[in-house]
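Architecture and fold: a report
Single-letter residue listing:
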Amino acid sequence: MLVELVEVKKKNHYGTGAGVQKLEKVFINPEHIVSVRTDDVVTALFREGKLPWSELNHATSFSVVTLSGGSTASSITVVGAPEIVQKKCFESKRTLLRG
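We now turn to the structure provided with this report. Since this is a predicted model, take the numbers as computed values, not measurements.

Analysis parameters
Here the residue numbering is sequential within each chain, running from 1 through the sequence in written order. Note on the predicted model: pLDDT of at least 70 is required for a residue's local features to be given, and 80 or more for side-chain atom pairs to be given and counted; whole-chain, interface and lining totals, by contrast, use all residues. Based on all heavy atoms of the structure, the side-chain values leave hydrogens and waters out of the count. Put simply, DSSP marks the helices as runs of H or I at least four residues long and the strands as runs of E at least two long, and each gets a number from the N terminus on. Only protein chains enter the accessibility calculation, which uses a 1.4 Å probe; a residue is then buried when its area is under 20% of its type maximum, exposed when over 50%, and partly exposed in between. Contacts are assigned to residue pairs with any non-hydrogen atoms lying within 4.5 Å of each other. A 1.4 Å probe and the Shrake-Rupley method give the accessible areas. Residues count as covered only by the protein chains that appear here. Stacked, edge-to-face and tilted are the three classes for Phe, Tyr and Trp ring pairs, Trp counted by its six-membered ring, which pair at centre distances within 6.5 Å; planes under 30 degrees apart are stacked, over 60 edge-to-face, the rest tilted. What counts as a salt bridge is simple: a side-chain nitrogen of Lys or Arg found within 4 Å of a carboxyl oxygen of Asp or Glu. As used here, the arc is the angular range of directions from the helix axis to the C-beta atoms. In protein, a polar contact requires one atom able to donate a hydrogen and another able to accept it; more generally it is a pair of N or O atoms within 3.5 Å, and residues adjacent in sequence count only if both atoms are side-chain atoms.

Helix and strand counts for the protein stand at 2 helices and 5 strands. Shown N-terminal to C-terminal, the secondary structure of the protein runs as helices and strands in the order β-β-β-α-β-β-α. In the protein, which comprises 99 residues, the proportion classed as buried is 30%. Put simply, 46% of the contacts in the protein that link residues at least 6 apart link residues at least 24 apart. Summing over all exposed atoms, the protein offers an accessible surface of approximately 7100 Å²; the carbon and sulfur share of this is 53%.

Let's shift gears to the packing of aromatic side chains. Across all of its chains, the model carries 3 aromatic pairs by this definition. On the numbers, 5.8 Å between centres and 45° between planes, the contact of Trp53 with Phe62 is tilted. Given the relative accessible area of 5%, Trp53 is considered buried. Residue classification places Phe62 among the buried residues on the basis of a relative accessible area of 0%.

What the rule picks out here adds up to 3 salt bridges. Here Glu24 makes a salt bridge to Lys22, at a shortest N to O gap of 3.2 Å. One salt bridge connects Glu48 with Lys50, and the closest N-O pair in it is separated by 3.2 Å.

Those residues of helix H1 (residues 40–47) that sit buried are Val42, Thr43 and Phe46. Seen end-on, H1 carries its buried residues on one side only, within an arc spanning 100°. Every exposed residue of H1 that faces more than 90 degrees away from the buried side is listed here: Asp40 and Val41. Close packing links the buried residues of H1 with strand S4 (62–69) and strand S5 (72–79). The opening residue of H1 is Asp39, an N-cap whose side-chain oxygen sits 3.3 Å from the backbone nitrogen of Val41.

What is shown is where atoms sit, not what they do.
Structure, rendered in structure tokens:
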């Protein structure tokens, strides 16, 4: 089962070194998650008002989710504290019994 999270994406402008941050939905397979940790850098930038997301609560935290892709691993930054991400990805799913 895939889980929907909101990823922080950085689009680089070629030659300038500057980037534009944007939020984008991402669907991940929780079975591929290796670790979830706090992203202190993005959280600090957001709380200092250096990121453009006025729709988010000022107390919002961000997490780095490391995903296994076979022989490689990749990391993405998502909206939410590690506890929230963990709960969303690994809470028990109820199923309806059909008889």
